[in-house]
Amino acid sequence: MPTKAMGPTGRAHWSKGLFLFSMAVVFIVGSGVLFGRYWIGGAVTEAFGKTPASGTVHVFQFDYYYEPRHITWRVGDHVTIALRNMSDTHWHEMVIGRGFDTVPSAFGAIPTQFATDFWSGVPVTISDARHVDNLVLNKAVATFVGEKPNVATGGDFSPTLQPGGSINLSFIVPNKTGEWKYGCFVQQYMHYMAGMEGGITILPAH
Ligand SMILES: [Cu+2]
């Protein structure tokens, strides 16, 4: 190492420069990771959300939102919802429908479930059920493959998954075109109000 670089002044100067440089790198890398994550999340949502998805759509449940937040299907396509609860602590469901049943509250009407159940009359094959707390079938036409989850009654078609739970719902997209919503009304409808909802667009058959 050159002698003149060993002086205390030069060394202090170098260290300060290195420190600032390191902080800049940390900041830039940190921002990149942060923005990158948002960007990737957004791109995935866009890709899944706007082009018709045939085959399997992975729907992940978090506290308190879904990924993706929008799904597009086409009537007649064979599709599977691979639903998975990513939460370590909370039970989550996935109801699909439109319009709302509500209860009054001091804060106005609270949606308690959908008025129209998307699954009514729809043949659906239910498979790979793991840690399913309960499954309400309502008017769906269900076939089970593998272990049959605990079937419950009351309200719209709805699988409720324990933390880490998963279930696959396979069906042919019925002729129910237009806009639908999915949501979770667990814990006195609080999850839905916290933003745990998404949209489904069903396009007419080709
Ligand atoms: Cu939930």
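K.L.:
Which residues make up the nonpolar core, and what are the values?
P.N.:
The nonpolar side chains of a soluble globular protein tend to be buried, and buried together. In terms of nonpolar packing, the biggest core is built from 32 residues, with Leu 83, Met 94, Ile 96, Ile 167 and Leu 169 touching the most fellow members. Where this core is concerned, the elements lending two or more residues are strand E3 (70–74), strand E4 (78–85), strand E6 (95–103), strand E8 (123–136), strand E11 (158–172) and strand E13 (197–203). The biggest single contributor to this core is E8, with 5 residues.

K.L.:
Which residues make up the pairing of strand E7 (residues 110–117), and what values do they have?
P.N.:
Relative to E7, E6 runs antiparallel, the two being bridged by 6 bridges. Across the sheet, Asp 101 pairs through a bridge with Gln 113, a residue of E7. The antiparallel pairing of E6 with E7 creates a hairpin that spans 6 residues between the two strands, and Gly 108 there sits at a positive phi of about 105°.

K.L.:
I'd love a proper account of the confidence of the model for the protein, names of residues and values included.
P.N.:
Per-residue confidence for the protein averages 84 on the pLDDT scale, and 74% of its residues sit at or above 70. The low-confidence segment residues 1–14, where pLDDT is below 50, has 4 contacts with residues more than four positions distant or belonging to other chains. Contacts from residues 18–47, a stretch scored under 50 in pLDDT, to residues over four places away or in other chains number 4 contacts.

K.L.:
I'd like to hear about the sheet that holds strand E12 (residues 178–183), residue by residue, with values.
P.N.:
Overall, mixed pairing links the 5 strands, which are arranged E3-E13-E12-E6-E7 in an open sheet. Sheet topology places E3 and E7 at the edges, where each strand pairs with a single neighbour. Neighbouring strand axes in the sheet, compared pairwise and without regard to direction, differ in orientation by 40° on average. Inspection of the sheet shows E12 paired to E13 by 6 bridges, in the antiparallel sense. Paired with Gly 178 across the two strands is Ile 202, which belongs to E13.

Cut-off values and rules
Residues numbered from 1 in each chain as written. Predicted model: local features only at pLDDT ≥ 70, side-chain atom pairs only at ≥ 80, totals over all residues. Core = buried A, V, L, I, M, F, W, Y, C linked by C-beta atoms within 7 Å. Buried ≥ 20, exposed ≤ 12 C-beta atoms within 10 Å, placed from the backbone. Helix = DSSP H or I, 4+ residues; strand = E, 2+ residues; numbered from the N terminus. Pairing = 2+ DSSP bridges. pLDDT = per-residue confidence, 0-100. Contact = placed C-beta atoms within 7 Å. Axes fitted to C-alpha atoms, helices over the stretch in contact; angles between N-to-C directions.

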